[in-house]
Amino acid sequence: MLFWLHLGPGVVGWVGGFFALVALTLIPLVVLRRKEPSSTIAWILTLLFLPAVGAILFLLFGRDRVRWPARRKRQADALVRGTLAARAAETGPSFMPAQPGLNELEKQIFQMGALLTGEPASTGNRVEVFSHGSDVYDALGAAIDEAKHHVHAEFYLIRNDKTGAWFRDKLARAAARGVEVRLLCDAYGCLGVGATWRRPLRKAGARVGIFLPMRSLLLQPVNLRNHRKIVVIDGSVAFSGGVNIGDEYHGKMTKLGQWRDTHFRLEGPAAGPLQRVFLQDWFFATGEGVNPNPYFPSPALVAGDATVAIVPSGPDTRTEAIHRIFFAAIAAARERVWITTPYFVPDAPMVVALEVAAMRGLDVKLILPSRSNHRVTFHAGRSFYEQLLEAGVRIHEYTPGMIHAKTMVVDGRIVLLGSANMDMRSFRLNFEVHTLIHDAITARSLEASFTDDLAHTVPVDLATWAKRPLGDRIAEGAGRFVSPLL
């Protein structure tokens, strides 16, 4: 305030007028986005009544699709996809059309996934689920040590800490013994690992790429982040899920307590589609054209009984594939839907899907955090509790710490597991990858983890929730108001 007084009323007027002009200029852009009315109205009101704040927020967070990177990403993906299609035509089909054990509704979900992504499901996979970060790192480290030809990795977040150094050194040692190593880092999530951190990798011969560098906030907003977590080793073994690279994934985080996450190791032909996602992201970020032939084993390894579909989505497409797969899985449920997610800001269709499933008499349970590292999102999510509880959805808040797992199990048969949260940022703004799995062993494993987590939760009771303090209601209302902007 003293700073503005020091400038004098004339300067303040000019600055205010400038931001008002910028805000008015941005309003047509808000309208042209053709988003949900609630999102459009929220942005227009913010720009009109708080022009300086609104203009800055819109430039940073409001653009869910920036034309030039989105167009460039589609062009890059098309080139890689075309090369892979040509190779597939030469070597014959890599995917088995039969999907034994699926009922008709489940077949339709997999068929929809293929239509949305252009990538059919594959059978003959083996999936191993990990519920603790330390177990993930043990398996990942062993797989990197055993790599013979290549290690391809991309992560949203890599910490400059003990775990980050461990991961970097694992990759560097692999590169030093002649393994091809490519590491793709999201520019925003990996801000803490700069040139000094990356130097041992480059020195060992590893290649490092940066996804959408933060060169200019005006040209490249904070949105459009690569939130994927993918590691592919020798084309036949892959890791994905919710675990990034950082000390907190070993168990504890300051002020939040225990950090609980879920990740998986996949062996079999479904490693191929994850490889394709990586190569597309790599080509987009670095411009390096990679001959795909050495990176896709043929014939694909048959390792187990799981039917697996890889479902990527991002702001470079309008299909919102993960959002639609979530919706379809809930709508197709016949007995139960068990969901764990750390960030819960559902849109209207997702709320309706959950409500209708509960009203049909299904066992619909949500495990959500009791405290979060993102306060606005946390309160926005709680604003949906009352209507979901009234419909019969059972909500449980995890108390030992922060639950970061992103899982859905439907009827003990269908599993959805990956990087996407159940919020609009994951559905529309980030590059994500989720995995659709039909496998009894994987489903039982995740249901067992869900049951174990449930024992460490507090159920949210509707009558008690209705009596919560006024301060909580205000925070939830404010979070709900800005939720279209998240």
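For the structure itself, consult the block above.
Everything numeric in this text was worked out from a predicted model, so none of it was measured. (Residues numbered from 1 in each chain as written. Predicted model: local features only at pLDDT ≥ 70, side-chain atom pairs only at ≥ 80, totals over all residues. Heavy atoms only, no water.)

Engineer: Mind showing me how you'd approach the packing of helix α11 (residues 321-332) against helix α12 (residues 348-359) here?
Structural biologist: Angle between the axes and distance between the axes: these two values describe a pair of packed helices. One can describe the packing of α11 onto α12 by two numbers: an axis separation of 9 Å at closest approach and a directional angle of 15°. When the axes of α11 and α12 are compared, the pair comes out roughly parallel. Our pair here, α11 against α12, has a crossing hand that is left-handed. Residue-level contacts link H323, F326, F327 and I330 of α11 to P349, M350, A353, L354 and A357 of α12. (Axes fitted to C-alpha atoms, helices over the stretch in contact; angles between N-to-C directions. Helix = DSSP H or I, 4+ residues; strand = E, 2+ residues; numbered from the N terminus. Parallel < 35°, antiparallel > 145°, perpendicular 65-115°, else oblique. Left-handed = near helix turned anticlockwise from the far one by under 90°. Contact = heavy atoms within 4.5 Å.)

Engineer: Explain the pattern of salt bridges here, please?
Structural biologist: Should their charged atoms come close, side chains of opposite charge can pair. Taken as a whole and assessed by the stated rule, the structure comprises 23 salt bridges. Two residues, R159 and E248, come together in a salt bridge whose shortest N-O distance is 3.0 Å. Remark: E248 occurs in the loop between β6 (237-241) and β7 (252-253) and R159 occurs in the loop between β2 (150-155) and α8 (162-176); sequence separation between them is 89 residues. Residue classification places E248 among the buried residues on the basis of a relative accessible area of 8%. Three or more residues joined by partner-sharing salt bridges are found here, namely E180, R182, R207 and E288. (Salt bridge = Lys/Arg side-chain N within 4 Å of Asp/Glu carboxyl O. Buried < 20%, exposed > 50% of the residue type's maximum accessible area, 1.4 Å probe, protein only.)

Engineer: Whenever I open this one, the packing of helix α6 (residues 104-117) against α11 confuses me. Can you help?
Structural biologist: Between α6 and α11, the least distance of the axes is 10 Å, while the angle of their chain directions is 170°. With respect to their mutual orientation, α6 and α11 come out roughly antiparallel. Facing L105, I109, M112, G113, L116 and T117 of α6, the residues of α11 in contact are A321, R324, I325, A328, A329 and A332. Split by residue class, the contact of α6 with α11 holds 9 nonpolar, 2 polar and 1 charged. (Nonpolar A, V, L, I, M, F, W, Y, C, P; charged D, E, K, R; others polar.)

Engineer: Help me understand the nonpolar core in this model?
Structural biologist: Most often, soluble globular proteins have nonpolar side chains that are buried together. Grouped together as the largest cluster of nonpolar side chains are 46 residues, with contacts concentrated most on I330, L354, L388, I395, M408 and M422. Examining the composition of this core, we find that 7 residues originate from one element, α11, more than from any other. Non-local contacts of I395, meaning those with residues more than four positions away in its chain, are made with L366, L368, Y385, L388, L389, V458, P459 and V460. Counting 38 residues, the second-largest nonpolar core is a separate cluster that includes L140, L171, V179 and V243. (Core = buried A, V, L, I, M, F, W, Y, C linked by side-chain atoms within 4.5 Å.)

As far as function goes, none of this settles anything; it's purely spatial.
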